[in-house]
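What the coordinates show
Spelled out from the first residue to the last, the chains are:
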Amino acid sequence: MKGILLAGGKGTRLFPITHGVSKQLLPIYDKPMVYYPLSVLMLAEIRNILIISTPEDLSLYKRLLGDGTQWGISLQYAIQKKPQGLAQGFILGKEFLGSSSVCMILGDNVFYGPNLETHLFEAKQNATSNNCATVFGVRVNNPSQYGVVNFDQNNQAISIVEKPPTPSSNMAVAGLYFYPNSVVDIASRIPFSDRGELEITSVNQTYLIQKQLKVVRLGKGFAWLDTGSPESLLEASQFISTIEKRQGLKVACLEEIAYEKGWITKTQVLMRGNAMGLTPYGRYLTQRFS
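Residues numbered from 1 in each chain as written. Predicted model: local features only at pLDDT ≥ 70, side-chain atom pairs only at ≥ 80, totals over all residues. Heavy atoms only, no water.

**Topic: the overall build of the protein**
Across its full length, the protein holds 11 helices and 13 strands. In summary, the protein has a C-alpha radius of gyration of 19 Å against a globular reference of 19 Å for 290 residues, a match within 12%. Every one of the 290 residues in the protein was classed for burial, and the buried ones make up 53%. Excluding contacts between residues fewer than 6 apart, the proportion of contacts in the protein whose partners are at least 24 apart in sequence is 74%. Looking at the protein as shown, the accessible area adds up to about 13,700 Å², and 49% of this sits on carbon and sulfur atoms. Looking at the protein, you have 28 positive and 22 negative side-chain charges, and the mean spots of the two groups are 2 Å apart. (Helix = DSSP H or I, 4+ residues; strand = E, 2+ residues; numbered from the N terminus. Rg over C-alpha atoms; globule rule 2.2 N^0.38 Å. Buried < 20%, exposed > 50% of the residue type's maximum accessible area, 1.4 Å probe, protein only. Contact = heavy atoms within 4.5 Å. Areas by Shrake-Rupley, 256 points an atom, 1.4 Å probe, with all protein chains shown as cover. Lys, Arg positive; Asp, Glu negative; His and termini not counted. Charge placed at Lys NZ, Arg CZ, Asp CG, Glu CD.)

Structural data, given as structure tokens:
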């Protein structure tokens, strides 16, 4: 399986901040926003990842992340000249994906909670071995801002509707998707919506109709943060700060994940920590792995 990380868009809800910097490069507490979705792909042991961004911002991601070898992964990059919906990512990534299944994650989403890795590996297995897609449902107070899953009386998903004005459910589809390789063909065939976009909801609805979609509910105790507004950006930073200070462990520490997966050595982790000096992130690496 390969990964696609979407880091494009204009970040209009964060203007004027994002007039000068890509949204996914903004900090969430002590690290760039893009570290959080990247960490999810790494936790799923996806090591070949395509980062898609705008022509103006792509060089900044290359400067920050490089080719990924410092974490034992491989990062490639692609330009999205014009934002035309999330499903466009599969079309832009067609050559990169080849015949592989794919996990796509949004660059402004933070996931934290129990059994996250278990959910990731089950979804990965579902795509690679069972030729089925998996999406994740999270209960929210403002479902009309998202794709919304509707269920029948037996709690089986029966439809997914993009940003309905009057939602019949509070279950939103989070920005993390697992698909078999057939998603490339499906994305290339769906029509543009009234918003002029290739909607990811149309892709998910196609798999649902084909009875090849699994909707996993992320229940109580699981945090899904969409950091696209000033309020949600602040809330995410406060959440991560609280978790890290309480536990003494970092969330989305890429070096730590890479070491635990056996992709890099302790010496490499310490080198990364020393290079960051006396910053909290650098001290964490040097103290934890000394």
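So, next bit.
**Quick look at the side chain of Asp226**
Residue position: Asp226 is located in strand S13 (residues 223–226). The class for Asp226 is buried, based on a relative accessible area of 17%.

**Quick notes on the nonpolar core**
Leu38, Leu65 and Trp71 are the most contacted members of the largest nonpolar core, which has 50 residues in total. The leading source of residues in this core is helix H1 (residues 35–43), at 6 residues. Other than its neighbours up to four places away in sequence, Leu65 contacts Val34, Tyr35, Leu38, Ile51, Gln70, Trp71, Leu75 and Tyr77. Counting 31 residues, the second-largest nonpolar core is a separate cluster that includes Ile52, Phe90, Ala187 and Leu198. (Core = buried A, V, L, I, M, F, W, Y, C linked by side-chain atoms within 4.5 Å.)

**Comments concerning the packing of helix H10 (residues 266–275) against helix H11 (residues 280–288)**
Between H10 and H11, the shortest axis-to-axis distance is 7 Å and the interhelical angle comes to 145 degrees. Two packed elements cross with a definite hand, and for H10 against H11 that hand is left-handed. Mapping the contact onto sequence places Val269, Leu270, Arg272, Gly273 and Asn274 in H10 and Gly282, Leu285 and Thr286 in H11. (Axes fitted to C-alpha atoms, helices over the stretch in contact; angles between N-to-C directions. Left-handed = near helix turned anticlockwise from the far one by under 90°.)

**Some points on unusual backbone geometry**
The backbone of Lys163 shows a phi angle near 45 degrees, a positive value even though the residue is not glycine. Using a relative accessible area of 38% as the deciding quantity, one classes Lys163 as partly exposed. You will see that Lys211, though not glycine, has its phi angle at about 60 degrees, which is positive. As for its placement among the helices and strands, Lys211 is situated in the loop between helix H7 (200–209) and strand S12 (213–218).

**Brief notes about the pattern of salt bridges**
Pairing between side chains of opposite charge can happen when their charged atoms approach one another. The tally for this structure, following the rule as stated, stands at 13 salt bridges. Note that Glu117 and Lys261 form a salt bridge whose closest N and O atoms lie 3.0 Å from each other. On the criterion of sequence distance, the pair formed by Glu117 in helix H5 (residues 116–130) and Lys261 in the loop between helix H9 (254–260) and H10 is long-range, its members being 144 residues apart. A residue is classified by how much of its surface remains accessible, and Glu117, at 34% relative accessible area, is partly exposed. Its relative accessible area of 21% is what places Lys261 among the partly exposed residues. Where Arg189 meets Asp185, a salt bridge forms, and the shortest distance between an N and an O atom there is 2.9 Å. Within this pair, Arg189 and its partner Asp185 are both found in helix H6 (residues 183–189), separated by 4 residues, close to a single helical turn. (Salt bridge = Lys/Arg side-chain N within 4 Å of Asp/Glu carboxyl O.)

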